[in-house]
Amino acid sequence: MARRIDVTGTGGVRLAAWEFGDPPKTDPARDGQGAPAGHAAPEGSPGVLLLHGLMGRASHWASTARWLSARYRAVALDQRGHGRSDKPPQGSFTRDAYVDDAEAALEQLGLAPVVLIGHAMGALTAWQLAAKRPDLVRGLIICDMRASALGAASQREWGQWFKSWPLPFATLADVRKWFGEDDPWVERPNPARGAFYAEVMAESPDGWRPVFDPEQMLRSRETWVYDAHWEELAQVRCPALVVRGLDGELGRAEAQEMVRVLPRGQYAEVADAGHLVHYDQPEAWRAAIEPFLDSLGDH
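Reference entry: report on the structure contained in this document.

Reading guide: rules and limits
- Residues numbered from 1 in each chain as written.
- Predicted model: local features only at pLDDT ≥ 70, side-chain atom pairs only at ≥ 80, totals over all residues.
- Heavy atoms only, no water.
- Helix = DSSP H or I, 4+ residues; strand = E, 2+ residues; numbered from the N terminus.
- Rg over C-alpha atoms; globule rule 2.2 N^0.38 Å.
- Contact = heavy atoms within 4.5 Å.
- Areas by Shrake-Rupley, 256 points an atom, 1.4 Å probe, with all protein chains shown as cover.
- Lys, Arg positive; Asp, Glu negative; His and termini not counted.
- Charge placed at Lys NZ, Arg CZ, Asp CG, Glu CD.
- Phe/Tyr/Trp six-rings, centres within 6.5 Å; stacked < 30°, edge-to-face > 60°.
- Buried < 20%, exposed > 50% of the residue type's maximum accessible area, 1.4 Å probe, protein only.
- Pairing = 2+ DSSP bridges.
- Axes fitted to C-alpha atoms, helices over the stretch in contact; angles between N-to-C directions.

**What about the overall build of the protein?**
Then step 1. Summing up its helical and strand segments, the protein has eleven helices and ten strands in all.
Then step 2. The globule rule puts the C-alpha radius of gyration for 299 residues at 19 Å, and the 18 Å found for the protein is close to it.
Then step 3. Overall, the C-alpha framework of the protein stretches about 50 × 40 × 40 Å when taken along its three principal axes.
Then step 4. Long-range contacts, defined as pairs at least 24 residues apart, comprise 71% of the intrachain contacts of the protein with a sequence gap of at least 6.
Then step 5. As presented, the protein carries roughly 12,800 Å² of accessible surface, and 49% of it is formed by carbon and sulfur atoms.
Then step 6. The average position of the 32 basic charges and that of the 41 acidic charges among the side chains of the protein differ by 2 Å.

**A word on the packing of aromatic side chains**
Then step 1. Applying the stated criterion to the full structure yields 18 aromatic pairs.
Then step 2. Centre to centre, the rings of Trp 161 and Phe 162 are 5.5 Å apart; their planes meet at 35°, and the pair counts as tilted. The pair Trp 161 / Phe 162 is uniform in exposure class, with both members buried.
Then step 3. A centroid spacing of 4.9 Å and a plane angle of 90° characterise the contact between Trp 165 and Phe 179, whose relative ring orientation is edge-to-face. One end of the pair, Trp 165, is in the loop between helix H4 (152-164) and helix H5 (172-182); the other, Phe 179, is in helix H5, and 14 residues separate them in sequence. For the pair formed by Trp 165 and Phe 179, the shared burial category is buried.

**Some words on the sheet that holds strand E2 (residues 14-20)**
Then step 1. The strand order across the open sheet built from eight strands is E1-E2-E4-E3-E5-E6-E9-E10, with neighbouring strands paired in mixed fashion. Of all the strands in the sheet, the pair left with one neighbour each is strand E1 (2-8) and strand E10 (265-270). Within the sheet, the average angular offset between the axes of one strand and its neighbour, ignoring direction, is 20°.
Then step 2. Inspection of the sheet shows strand E6 (residues 137-143) paired to strand E9 (residues 240-245) by four bridges, in the parallel sense. Along E9, the bridge assignment pairs Ile 142 with Val 242.

Structure, rendered in structure tokens:
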């Protein structure tokens, strides 16, 4: 079960947050082992906010969030321009806007002090928020996001990649096949990648198209690809875990340097996973982050 909660981001942008698990019980029957996955932790349990990456949506976290909901109040946010949240044509898609949205969501949902879990761009938002508002964040998990500048060439490649999409797709099966097999960026067949992109498509009169505006995605990306983000990492005071997929975009050397720069950094990696670590290998992903979550305790 996922319950939608509308929150208001900076500039009045309406954001859709999704709480996973059954509604909290004030006095649940406990057997000493906690609630089973998919059943909400008792009221007053610590909060987790999950932030998807560029082009993602809250539902990409569904498996992780349901697992977390046994001991946390787990909420995933559709960030501006994504999922069911507003996509204002003239809206701001700056780093500050994304960070301020996450901060507003935390405060309106009453989740703080929270564990932030972010993937890719969502991880950057998470560590920038942790640096800005240490009082709101007690733990941070960074999933496959680089701290170094990616540069102009990377942005050009992304613009060309969006133009290569054969829109509209006739069927969802076509979406899965193109992103899982035919996309020039795919080195070998990857059904999980196809499923990931199928989840961000919606049916329109002429076929299946993304729920986001690719131009807004490029605008969002443009606000962080030219800069390095080491300084904000160094300002994160809470315990932080850097997780990478062995075949992902974050290399081992850079990940370990991120751990060194973080005042309380730790490292984990997931074998047989690409950039979409939590989506490629959900069980291995959970095994990688569980010891870190255990070390934080439940308060």
